[in-house]
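# Results of the structural survey
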Amino acid sequence: MQTRVNRRKFIVSATCSICGSVILPSCAQVPLTNRNQLNLYDSNLPIVIFQGSVAGIPIPKVYANEKSLNQEIDKVYNKFISQAKNDKILVDNTAESKKIKEIGTEIYSSINKYYQNNNQKNPIEDFKWQFALIESEQKNAWCMPGGKIAFYTGILPICKNDDGIAAVMGHEIAHAFARHTVEKLTQSSMIQMATIGISNSRYSQLLNRSFRIGNVGGNVYNSVVKYGIFLPFSRNMESEADYLGMAFMNLSGFDINEPSKLWGRMMLEQKKSVPEFMSSHPNPENRSNKFLEWENEIKDKFPRV
Ligand SMILES: [Zn+2]
């Protein structure tokens, strides 16, 4: 226990000092929430992520900037989609799959309109949106950086209605909007660089834990996992995605009372078996209260566009 506490302290201080001294320009602000974020995207510095290791030595992969990382992710996502098509689990041209696309399009179009109306630079203007519905019992949905979204049919009964789908969609879009994956990758890279001097074995454990998380159906979809796309988000990021997701719902005219109901349904579902969405989106007990707390502010700041 003692070791864990010390290590955590070390990681925090290492991250802060790196941020403060070496890579100062990479401290960005999340649009709309203005949270300070350590993010290599913003300054157009190279993004370094680690993919596996040989004899305990990590293999770095360097992307020039957000655009080149997103091009890679575009390939990974489309590989995922064609694999799903081959496996006959891609749901296409059904009322449900059209619904997913419609609601996703409604939300990102409203964000675009919001920025247009406010004459501000749109942080998602370069996103290449894609939506897919996958036939799976998994109660899950995700969004890769750059606007690559998948819903699994298993989550639809929990979503229950359009507003419920919009709640999950808004939350997922928010993770991409706020560049949470790269923030996490940035932090991991920092942590890994800082930790490597201490212990190679501890380092590789950390690497394994960080980069092998996700429920994408075993070996078939390993290429999705290898990019660290399913790194778990921190509680702050989850809360930020809840807030932004709710804001996006309101911009798009969905019912913002639904997110707290949706999480109520998730909690009920948990009694049978934990929805995959919940295991990748840890559920703070005060989640529902937060939604109620934000309601007036969101109605005020993010009215229907
Ligand atoms: Zn989340």
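That block above? That's the structure.
Rules used throughout
Residues numbered from 1 in each chain as written. Predicted model: local features only at pLDDT ≥ 70, side-chain atom pairs only at ≥ 80, totals over all residues. Heavy atoms only, no water. Pairing = 2+ DSSP bridges. Helix = DSSP H or I, 4+ residues; strand = E, 2+ residues; numbered from the N terminus. Contact = heavy atoms within 4.5 Å. Axes fitted to C-alpha atoms, helices over the stretch in contact; angles between N-to-C directions. Phe/Tyr/Trp six-rings, centres within 6.5 Å; stacked < 30°, edge-to-face > 60°. Buried < 20%, exposed > 50% of the residue type's maximum accessible area, 1.4 Å probe, protein only. Expected span 1.5 Å × (residues − 1). Salt bridge = Lys/Arg side-chain N within 4 Å of Asp/Glu carboxyl O. Polar contact = N/O pair within 3.5 Å; in protein donor to acceptor, adjacent residues only side chain to side chain. Core = buried A, V, L, I, M, F, W, Y, C linked by side-chain atoms within 4.5 Å.

With that settled, consider the sheet that holds strand β7 (residues 141-144). Sheet strands pair via backbone hydrogen bonds, and the direction of the pair is either parallel or antiparallel. In spatial order, the strands read β5-β6-β8-β7; together these 4 strands make up an open sheet with mixed pairing. Sheet topology places β5 (90-91) and β7 at the edges, where each strand pairs with a single neighbour. Here helix α2 (residues 66-86) sits on the sheet in contact with β5, β6 (130-134), β7 and β8 (148-152), set at roughly 30 degrees to β6. The sheet strands contacting helix α3 (residues 95-117) are β5, β6 and β8, and the helix crosses β6 at an angle near 150 degrees.

The subject of this paragraph is the packing of aromatic side chains. Enumeration according to the criterion identifies 13 aromatic pairs in this entry. Measuring from centroid to centroid gives 4.9 Å for Y108 and W129, while their planes differ by 5 degrees, and the two rings are stacked. A residue pair is termed long-range when its members are at least 10 positions apart, and Y108 in helix α3 and W129 in the loop between α3 and β6 qualify at 21 residues. The same class applies to Y108 as to W129, namely buried. An angle of 5 degrees between the planes, with centres 6.2 Å apart, marks the rings of W129 and F131 as stacked.

For helix α10 (residues 258-270), built from 13 residues, the straight-helix expectation of 18 Å at 1.5 Å per residue is met to within 8% by its first-to-last C-alpha distance of 18 Å. What α10 keeps buried is the set E258, P259, S260, L262, W263, R265, M266 and E269.

This part takes up the pattern of salt bridges. Evaluation of the coordinates by the stated rule reveals 14 salt bridges. E240 is the partner of R35 in a salt bridge, and the nearest nitrogen-oxygen pair spans 2.8 Å. Of this pair, R35 sits in the loop between β1 (27-29) and β2 (36-38) while E240 sits in helix α9 (residues 235-251), placing them 205 residues apart in sequence. Residue R35 is classed as partly exposed on the basis of its relative accessible area, which comes to 22%. One salt bridge in this structure joins E125 and K121, with 2.6 Å as the shortest N-O distance. Judged by its relative accessible area of 63%, K121 is exposed. Three or more residues are tied together by salt bridges with common partners; here these are E238, D242 and R287.

Positioned with a positive phi, L32 is a non-glycine residue whose angle comes to about 75 degrees. Judged by relative accessible area, L32 falls into the buried class, the value being 17%. Of note, N119 is a non-glycine position whose phi angle comes to about 55 degrees, a positive value. Its place among the elements puts N119 in the loop between α3 and β6.

By secondary structure assignment, the location of T153 is in the loop between β8 and α4 (156-159). A polar side-chain atom of T153 sits 3.5 Å from a polar atom in the side chain of E135. A polar atom in the side chain of T153 sits 3.0 Å from the backbone nitrogen of S136. Beyond its immediate stretch of four places on either side in the chain, T153 contacts V91, L133, I134, E135 and S136.

Let us now look at the nonpolar core. Counting residues in hydrophobic clusters, the biggest one holds 52 residues, and the most contacted among them are I107, F151, M169, L244 and F248. Element by element, the count of residues in this core is highest for helix α5 (residues 162-177), at 9 residues. In this view, L244 contacts V30, P31, L32, T33, A174, F177 and A178; residues no more than four positions away in its chain are not counted. L69, I134, Y152 and V182 belong to the second largest nonpolar core, which has 14 residues in total.

Another point: the pairing of β6. With 4 of its 5 residues buried, β6 lies for the most part within the structure. Judged from the 5 bridges that link them, β6 and β8 form a sheet pairing that is parallel. From the neighbouring strand, Q130 faces β8, where its bridge partner is K148.

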